[in-house]
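Each chain, letter by letter, is given below.
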Amino acid sequence: MPDQTITSVSRENRKFRPSAEFKAQANLGSEALYKRLYAESVNSPEKFWSKQAKEHLVWRKPFKQVLKWQAPHAQWFLGGKLNVAENCLDRHLGTQRENKAALIFEGEPGDVRTITYRQLHGHVSQLAQVIESMGIGAGDRVAIYLPMIPEAVIAMLACARVGAIHTVVFGGFSPEALKDRINDCKAKLVITADGGWRRGKVIELKANVDKAVEGTPTVQTVMVVKRCGNPVTMKAGRDVWWQDTAAAAAKPHKAKAFDAEHPLFILYTSGSTGKPKGVLHTSAGYLLGAKMSAHYVFDLKETDRYFCSADIGWITGHSYVVYGLLANGSTIFIYEGAPNQPEPDRFWQMIDRHALTILYTAPTAIRAFMRWGDDYVRRHRLDSLRLLGSVGEPINPEAWIWYHTLIGKKRCPIVDTWWQTETGCIMISPLPGVTATKPGSATRPFFGVVAKVVDDQCREVPRNSGGKLVITQPWPSMLRTLWGDDDRYVRQYFSEFPGRPEIYFTGDGARQDEDGYFWIVGRIDDVLNVSGHRIGTAEIESALVSHPSVAEAAAVGRPDELKGQALCVFVTLKAGYAASEELKEQLRSHVGKEIGSLAKPDTIRFAAGLPKTRSGKIMRRILKEIAAGGAVKGDISTLDDFSVVAALQSDE
Ligand code: WTA
């Protein structure tokens, strides 16, 4: 039945094999070994994960049962006890790593701090005592609303240390969004800062918290880090300065052990509609997934200095700034501000200045760098880099090649990592020492991941046809439920195929090619129906971006009397190109040439910017409404810049 699958039109077939030098030093450099481990991980998952959990984690009490799976609810490592913060910090004390930098921080104004494992352990232990003295203990919720500064990492780990459940709310969210999240999880404590630096200005976080907590009956204490020195109002009896309290507690802190399934954090993720979902992750399974995937996917070495540009307000910041990296004893680099402050070469400057070896960033950032121009990159050496990563969206081949050539100097492997807030850790990704990469493909599943592309009846579709991406076996770092709404958890993720409560539906469309590689074609909800063919947004957008004039593109459907759905694309141009009817014609024929005439856009609209979420994903739902000529409805609390939408609506 043609409407059950997705037509895939991508013709990308370049292949990049790992170099002999990289392979020779890789944590995993043999295809045969990958295959053997992968087969073991999916054929005997309990045996495999039991071994990994013993090897990678420090347990206070060994687990008795590896997995209890009552679909769709999983529990891992039952009977086991551990402390997540201890697994990230204490385990490195008394080893070579004790005086190694755990964290290097650069603020937007240029201030730099280096914190060793020993020091980080000290800060976390202090804060743990402080929050315990405020009455925060196991299971209590703590909202963290901070800039990307070391205190954010310290706050997360202090919560983990005392068994409190943190919910990090990205500092770019409004007071309203913060209030809703605090109320949903009934947080008792909010940890914030006076402000944070962004593009040379102070973002007034404390003022936002003041507004939010007017409507949050559960909040008893607001703890404030002094970062920018901007004036703030402190409410007596409720607000305390972080710096004042930290000095008060200086004793060593003995961390308690918690059950493997003790909740670690709630992270709200906004679906395209409806209220945000509080994704719940627990302790041991999550940490194991984050640690092990970081070790293999980033090929971590003792000497690495790893830079992930994601804010800790996103899952990427949780798994691949804090937990996965510190559990491995790595050095993380964090940066507070905007990538184009003071100039668009800030990242490249920092990479050279701090001799960073790994960069993990998002396609939206890569496309912005491309748009700002190559000169900003060419000014810098970038010779410390050895590995690059991408996450968050399909990376179009054009951007991949640019990343590979300009940033990686054709020397660094690129790991295009597919995963979700819900999956906790990387699920589909190259292993840089073994996998030959293809630009735009996340390639093959990680250990323990059984991913399939299926039709509406959950039957696997043939190679090279598109369908729904599903995961058919539980994995340790999977979400456990949605906070306070288990029904929604079941409905949202495990109800796509009636009678198959064990099938996790990702919401993404994908295809597997002849080598079994996965290509994500976009969210299923965004799939376009073009003259009877269902085509993923990513493929059309990628064809557009391969034209020299195009910086970014978004494809959406618009109701059309004749065709059912007409294809409307929004395009932003690179510097030096001007919008014209002639260029529209050129773009149309370019898409025709790249994909076929069926995918020639009916309407092309040039835009100065595209509406994005604060983590950089294009909000196609909004563009759909604009294309249809209607008003923008639904939740827009995650929209980064409303002026973009206003501009799009006014130039119809
Ligand atoms: C998309 C981010 C293609 C996908 C870790 C997924 C990707 C959603 C990739 C999750 C990738 C993420 N290639 N698409 N490498 N990585 N996505 O929850 O649609 O912010 O379902 O987690 O981002 O976004 P989230």
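Our structure is the block above this text.
Residues numbered from 1 in each chain as written. Predicted model: local features only at pLDDT ≥ 70, side-chain atom pairs only at ≥ 80, totals over all residues. Heavy atoms only, no water.

## A word on the overall build of the protein
Here is step 1: From N to C terminus, the protein includes 20 helices and 30 strands.
Here is step 2: What you see for the protein is a C-alpha radius of gyration of 24 Å, in line with the 26 Å of a compact globule of 652 residues.
Here is step 3: The principal-axis extent of the C-alpha atoms belonging to the protein is close to 70 × 55 × 50 Å.
Here is step 4: Counting the 652 residues in the protein, one finds 63% classified as buried.
Here is step 5: At a minimum sequence separation of 6, the contacts of the protein that also span at least 24 residues come to 71%. (Helix = DSSP H or I, 4+ residues; strand = E, 2+ residues; numbered from the N terminus. Rg over C-alpha atoms; globule rule 2.2 N^0.38 Å. Buried < 20%, exposed > 50% of the residue type's maximum accessible area, 1.4 Å probe, protein only. Contact = heavy atoms within 4.5 Å.)

## Here we look at unusual backbone geometry
Here is step 1: The omega angle of the peptide bond from Ala-71 to Pro-72 is 0°, so this bond is cis rather than trans.
Here is step 2: Within the secondary structure layout, Pro-72 lies in the loop between strand S1 (65-70) and strand S2 (73-78).
Here is step 3: At the junction of Gln-341 and Pro-342, the peptide bond is cis and its omega measures out at 0° in the coordinates.
Here is step 4: Secondary-structure assignment places Pro-342 in the loop between strand S17 (331-335) and helix H12 (346-354).
Here is step 5: We note that Asn-464 has phi near 70°; this positive angle belongs to a residue other than glycine.
Here is step 6: Topologically, Asn-464 is positioned in the loop between strand S21 (451-454) and strand S22 (466-471).
Here is step 7: On the basis of relative accessibility, which here comes to 34%, the residue Asn-464 falls in the partly exposed class.

## Description of the pairing of strand S29 (residues 564-573)
The side chains of a regular strand alternate, residue by residue, between the two faces of the sheet.
Here is step 1: Burial within S29 is extensive, with eight of its 10 residues counted as buried.
Here is step 2: Direction of pairing for strand S28 (residues 550-560) relative to S29: antiparallel, over a ladder of 10 bridges. Each bridged residue has a counterpart across the sheet, and for Glu-552 the counterpart in S29 is Thr-572.
Here is step 3: Here S28 folds back onto S29, and the loop between the two strands holds three residues.
Here is step 4: Sheet analysis places S29 next to strand S30 (residues 603-606), joined by four bridges and oriented parallel. What sits directly across from Cys-568, in S30, is Thr-603.
Here is step 5: Remark: the S29/helix H18 (residues 581-594)/S30 crossover connection has right-handed handedness. (Pairing = 2+ DSSP bridges. Right-handed = clockwise from strand over helix to strand, strands pointing away.)

## A few points about helix H7 (residues 175-185)
Here is step 1: When we look at burial in H7, the residues that qualify are Pro-175, Ala-177, Leu-178, Arg-181, Ile-182 and Cys-185. Projection of H7 onto a plane perpendicular to its axis shows the buried side chains occupying an angular sector of 165°, all on one side.
Here is step 2: Packed against the buried residues of H7 are strand S6 (141-145), strand S7 (165-168), strand S8 (189-193), helix H8 (205-213) and strand S14 (263-269).
Here is step 3: After H7 finishes, the residue Lys-186 shows a positive phi value of roughly 55°. (Arc of directions from axis to C-beta.)

## A look at the packing of helix H5 (residues 117-133) against helix H6 (residues 150-162)
Here is step 1: At their nearest, the axes of H5 and H6 sit 8 Å apart, and the two run at 60° to each other. Relative to H6, H5 is oriented oblique. Relative to H6, H5 is oriented so that their crossing is right-handed. Residues Leu-120, His-121, His-123, Val-124, Ser-125, Leu-127, Ala-128, Ile-131 and Glu-132 of H5 form the contact with H6, whose own contacting residues are Ile-154, Ala-155, Leu-157, Ala-158, Cys-159, Arg-161 and Val-162.
Here is step 2: Looking at the contact of H5 with H6 residue by residue, the classes come out as 11 nonpolar, three polar and two charged. (Axes fitted to C-alpha atoms, helices over the stretch in contact; angles between N-to-C directions. Parallel < 35°, antiparallel > 145°, perpendicular 65-115°, else oblique. Left-handed = near helix turned anticlockwise from the far one by under 90°. Nonpolar A, V, L, I, M, F, W, Y, C, P; charged D, E, K, R; others polar.)

## Structural notes on helix H13 (residues 363-372)
Here is step 1: Across the 10 residues that make up H13, a large majority, seven, are buried.
Here is step 2: For H13, the set of buried residues is Pro-363, Thr-364, Ala-365, Ile-366, Arg-367, Phe-369 and Met-370.
Here is step 3: In this structure, the buried side of H13 is in contact with H12, strand S18 (358-361), strand S19 (387-391), helix H15 (397-407) and S28.
Here is step 4: Of the residues flanking the end of H13, it is Gly-373, one or two places downstream, whose phi is positive at about 110°.

## Regarding the environment of Tyr-403
Here is step 1: Its location among the elements puts Tyr-403 in helix H15.
Here is step 2: Linking Tyr-403 and Pro-363, residues 40 residues apart in sequence, is a C-alpha distance of 9.4 Å.
Here is step 3: With residues up to four places along the chain from it excluded, the contact list for Tyr-403 reads Leu-359, Thr-361, Ile-366, Leu-388, Gly-389, Ile-395, Gly-408 and Ile-414.

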